[in-house]
Amino acid sequence: MACARRAFVAAAIGLDPKYAKAYYRRATCYLQTLRYKQAIGDFKKLLALEPQNQLVRMQLDSTQKILRKAEFEKAIEMEEEKSAAERCSEIIAEGGCDVDKGYAGPVLPRTDDGKYKIDLEFLTSMIQWFKDGKSIPKRYVWEIVLGAHAHFAQEESLVYVDIEEGMTVDVIGDVHGQFYDYLHLLSLTGQPSDNHALLMNGDLVDRGSWSIEVIITALAFKWLYPRRMFINRGNHEAKEMNRTYGFEGEAKHKFGEQSYKLFAYVFTAMPLATLLSATKPPAGSTKNVILSPDGRKRFFVVHGGLFSKDGVTLDDVRKIKRIGKQPGQEGIMCRWLLWTDPQELPGRGPSKRGVGIAFGPDVTKRWCEANGVTGVIRSHEVRQDGYSIEHDGLCTTVFSAPNYVDQAGNKGAFIRIDATGTQEYTQFDAQPHPPLKPMAYASGGLASLLM
């Protein structure tokens, strides 16, 4: 949620230090950008003014619990030497995560030497099983996540994808745990195949209450089709966000704490951006079109956007060391790739979110010209039409969670790109889902503040 109002709230407090509503609004902004200590400070000031306000007292208590939990987990992580992927593999080898004999759902196949593998029959049955409200064994979850992780670990932070003749790539924006909308989206895009790839541009989880089903499905496709299913990391593929916006609670509720740790680690292995390169000459006029050095269109796909300084190259992105690292609120992953937003004004400005920056059309043009990139495709923000074309056509936002958190009334969209670099936009509407509200697993007492 945007917190541009924080400066105005601070001004209101300056004029009237007893203006209780201003403290509440600022605490909400701090909470939405994971500044727990500052939020606690404002909740305490508000309680000093309104000591009988039980709602604020409950929100203060919930925020203090989140902060204590975050600090405790951070201390524990510093003591752990093995990654969650290594630990889960050990538990499997020790026989500590076998499939319950009473399980009667889709069966994950095995190779001749007894190792698990994945095939389309299992994946299709698993999706229907999820759609029917059922769950698969924890062992299967671990195998799927570890299978996808093996492929992510082989990819660089910037993935290069050539769109060959006869091939298309669909770029999908934020899905945010809206599983039934995701299934409808897949019915429109089609599944990955030799001639068709999917690129999910981050924020698969949080807010929606079927984030587990979304991420397992996406990772299963990655395991089955590693060169036709691509997933960029978003700002919600991060522990701090998961702790607040529901995925941590959902993962632990459905599959336990070690499973959540495995997901959190695998998120760090997801690439940060993808360069989609056409392999055929552009169709139509190329006047004012920025092309690659070999005269082809290519698109830089990243969750947030561009950089807080000029001079950053594609190779700089490729070299980022990401595995095992959380983005935090500062630094290259946060300020540059996962959190930034476009703005209409030229230059760079403060982010309306309170994290990252905003970049103008001149910034986008300079970067695209310097790197031979036809355009930037990013997600990270709701768009009422599901997508918007900005910065004189050089920056496109795509968002794929229709009627976001059951409130926004927006359409979802995806972008199809072919071997000439031609883009086609498809919109879609939200689908019915079972009666479970968004953020059903969010930290107690805070869901209403974070919608």
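Residues numbered from 1 in each chain as written. Predicted model: local features only at pLDDT ≥ 70, side-chain atom pairs only at ≥ 80, totals over all residues. Heavy atoms only, no water.

A few words on the overall build of the protein chain. What the protein chain contains, in helices and strands, is 16 helices and 14 strands. The burial tally for the protein chain puts 55% of its 451 residues in the buried class. A separation of at least 24 residues holds for 72% of the contacts in the protein chain among residues at least 6 apart in sequence. (Helix = DSSP H or I, 4+ residues; strand = E, 2+ residues; numbered from the N terminus. Buried < 20%, exposed > 50% of the residue type's maximum accessible area, 1.4 Å probe, protein only. Contact = heavy atoms within 4.5 Å.)

Right, let's talk about the packing of helix α5 (residues 84-93) against helix α12 (residues 257-269) for a bit. Interhelical geometry of α5 versus α12 gives an angle of 135° and a closest axis separation of 8 Å. Judged on the interaxial angle alone, α12 and α5 are oblique. At the point where α5 passes α12, the crossing takes the left-handed sense. Contact with α5, carried on its side by Ala84, Ala85, Arg87, Cys88 and Ile91, involves Gln258, Lys261, Leu262 and Tyr265 of α12 and no other residues of that element. Its residues placed into classes, the contact of α5 with α12 shows six nonpolar, one polar and two charged. (Axes fitted to C-alpha atoms, helices over the stretch in contact; angles between N-to-C directions. Parallel < 35°, antiparallel > 145°, perpendicular 65-115°, else oblique. Left-handed = near helix turned anticlockwise from the far one by under 90°. Nonpolar A, V, L, I, M, F, W, Y, C, P; charged D, E, K, R; others polar.)

Moving on: the pattern of salt bridges. Under the criterion given, the structure shown has 24 salt bridges. With a closest N to O distance of 3.7 Å, Lys280 and Glu165 form a salt bridge. With Lys280 in the loop between β5 (273-278) and β6 (298-302) and Glu165 in the loop between β1 (158-163) and β2 (168-172), this residue pair connects regions lying 115 residues apart in the sequence. On the basis of relative accessibility, which here comes to 60%, the residue Glu165 falls in the exposed class. Of the charged contacts, one joins Asp341 and Arg378 as a salt bridge, the two residues approaching to 2.7 Å between their closest N and O atoms. Of this pair, Asp341 sits in strand β7 (residues 341-342) while Arg378 sits in strand β10 (residues 375-378), and the two are 37 residues apart along the sequence. Take Asp341: its relative accessible area is 2%, and that puts it in the buried class. Its relative accessible area of 0% is what places Arg378 among the buried residues. Several salt bridges share partner residues, and in doing so they unite Asp341, Lys352, Arg378, Glu381, Arg383 and Glu390 into one network. (Salt bridge = Lys/Arg side-chain N within 4 Å of Asp/Glu carboxyl O.)

In helix packing, the relevant descriptors are the interaxial angle and the interaxial distance, both defined with respect to the helix axes. It is at 8 Å that the axes of helix α7 (residues 138-152) and helix α9 (residues 211-224) come closest, and there the two elements cross at 55°. On the basis of their axis angle, the class for α7 and α9 is oblique. As α7 runs across α9, the sense of the crossing is left-handed. In this structure, α7 uses Val141, Glu143, Ile144, Val145, Gly147, Ala148, His151 and Phe152 to contact α9, whose residues at the interface are Ile216, Leu219, Ala220, Lys222 and Trp223. A breakdown of the residues in the contact of α7 with α9 according to their chemical character gives nine nonpolar, two polar and two charged.

Throughout the structure, instances matching the rule amount to 16 aromatic pairs. Between Phe247 and Phe267, the aromatic rings sit 5.6 Å apart at their centres with planes inclined by 40°, giving tilted as the arrangement. In this pair, Phe247 sits in helix α11 (residues 247-255) while Phe267 sits in helix α12, placing the two residues 20 residues apart along the sequence. Judged on exposure class, the residue Phe247 and its partner Phe267 are both buried. An aromatic cluster is defined as three or more aromatic residues linked by ring pairs; in this entry it consists of Tyr103, Tyr116, Phe122, Trp129 and Tyr140. The ring of Tyr116 is capped by Arg110, whose NZ or CZ atom sits 4.0 Å from the centre of that ring. (Phe/Tyr/Trp six-rings, centres within 6.5 Å; stacked < 30°, edge-to-face > 60°. Lys NZ or Arg CZ within 6 Å of the ring centre and 35° of its normal.)

Another aspect to go through is the sheet that holds strand β11 (residues 387-390). Ordered by their spatial adjacency, six strands build an open sheet running β1-β5-β6-β10-β12-β11, and the pairing between neighbours is mixed. The two strands at the open ends of the sheet, each matched to only one other strand, are β1 and β11. Taking each pair of neighbouring strands and ignoring which way they run, the sheet shows an average axis angle of 20°. In this sheet, strand β12 (residues 395-398) lies alongside β10 in parallel orientation, the contact comprising three bridges. The residue bridging Arg378 from the neighbouring strand is Thr397, located in β12. (Pairing = 2+ DSSP bridges.)

For α11, every residue scored as buried is listed here: Phe247, Glu248, Glu250, Ala251 and Phe255. Around the axis of α11, the buried residues are gathered within 165° of arc, so they sit on the same side. Within two residues after α11, Gly256 carries a phi angle of roughly 95°, on the positive side. (Arc of directions from axis to C-beta.)

On to α12. With 13 residues, α12 extends 19 Å from end C-alpha to end C-alpha; this agrees with the ideal 18 Å at 1.5 Å per step. Within the sequence span of α12, burial applies to Ser259, Tyr260, Leu262, Phe263, Ala264, Val266, Phe267, Thr268 and Ala269. Among the structural elements, α5, α7, α9, α10 (239-245) and α11 are those in contact with the buried residues of α12. (Expected span 1.5 Å × (residues − 1).)

Where burial is concerned, most of β2 is hidden: five out of the five residues are buried. Here β2 shows a buried face lined by Thr168, Asp170 and Ile172 and a second buried face lined by Val169 and Val171. In this fold, the crossover linking β2 to strand β3 (residues 196-201) by way of helix α8 (residues 179-189) has right-handed handedness. Taken together, the five bridges between β2 and strand β13 (residues 412-418) define a ladder with antiparallel strand orientation. Considered in β13, the bridge of Ile172 is made with Phe414. (Right-handed = clockwise from strand over helix to strand, strands pointing away.)

Our next topic: the side chain of Arg322. Structurally, the position occupied by Arg322 is in the loop between α13 (314-318) and α14 (331-338). Despite being buried, Arg322 has no salt bridge partner; Glu155 is the closest side chain of opposite charge, sitting 5.5 Å away. Among the polar contacts listed, one links the side chain of Arg322 to the side chain of Ser157, at a separation of 3.2 Å. (Lys, Arg positive; Asp, Glu negative; His and termini not counted. Polar contact = N/O pair within 3.5 Å; in protein donor to acceptor, adjacent residues only side chain to side chain.)

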